Amino acid sequence: MAEKCQFPLGLTICPDGVHELDPCAYEVVEKYRNVTVEALRCPVCGHTEIS
């Protein structure tokens, strides 16, 4: 697995003015019906998130 995606040094994006944007572009890996749980994986670095 590659190192987690990062913005260029010194660049920070806060769309709501408070929380930093995650630089990964996640794809749905698994999706379950009738619940709100998704496993997401960045195709660039392989970082996985659960939402």
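In what follows, the structure referred to is the one given above.
Description of the structure in this document. (Residues numbered from 1 in each chain as written. Predicted model: local features only at pLDDT ≥ 70, side-chain atom pairs only at ≥ 80, totals over all residues. Heavy atoms only, no water.)

**Thoughts on the overall build of the chain**
Right, so step 1: Along its length, the chain carries 0 helices and 3 strands.
Right, so step 2: Tracing the chain from N to C terminus, the helices and strands come up as β-β-β.
Right, so step 3: Relative to a compact globule of 51 residues, whose C-alpha radius of gyration would be 10 Å, the chain shows 13 Å and is clearly more extended.
Right, so step 4: Taking the principal axes of its C-alpha atoms as reference, the chain extends roughly 40 × 30 × 10 Å.
Right, so step 5: Counting all 51 residues of the chain, 14% fall into the buried class.
Right, so step 6: Summarising the internal contacts of the chain: among those between residues at least 6 apart in sequence, 18% fall at separations of at least 24.
Right, so step 7: With the model as given, the accessible surface of the chain reaches about 4,300 Å², and the carbon-plus-sulfur share is 56%. (Helix = DSSP H or I, 4+ residues; strand = E, 2+ residues; numbered from the N terminus. Rg over C-alpha atoms; globule rule 2.2 N^0.38 Å. Buried < 20%, exposed > 50% of the residue type's maximum accessible area, 1.4 Å probe, protein only. Contact = heavy atoms within 4.5 Å. Areas by Shrake-Rupley, 256 points an atom, 1.4 Å probe, with all protein chains shown as cover.)

**What to know about the pattern of salt bridges**
Right, so step 1: A complete count under the given rule lists 2 salt bridges for this structure.
Right, so step 2: Notably, a salt bridge pairs Lys4 with Asp22, separated by 2.9 Å at the nearest N-O pair. Of this pair, Lys4 sits in the segment before strand E1 (27–31) while Asp22 sits in the segment before E1, placing them 18 residues apart in sequence.
Right, so step 3: On the accessibility criterion, Asp22 (28% relative accessible area) is partly exposed.
Right, so step 4: Of the charged contacts, one joins Glu38 and Lys31 as a salt bridge, the two residues approaching to 3.7 Å between their closest N and O atoms.
Right, so step 5: For Glu38, a relative accessible area of 23% puts it in the partly exposed group. (Salt bridge = Lys/Arg side-chain N within 4 Å of Asp/Glu carboxyl O.)

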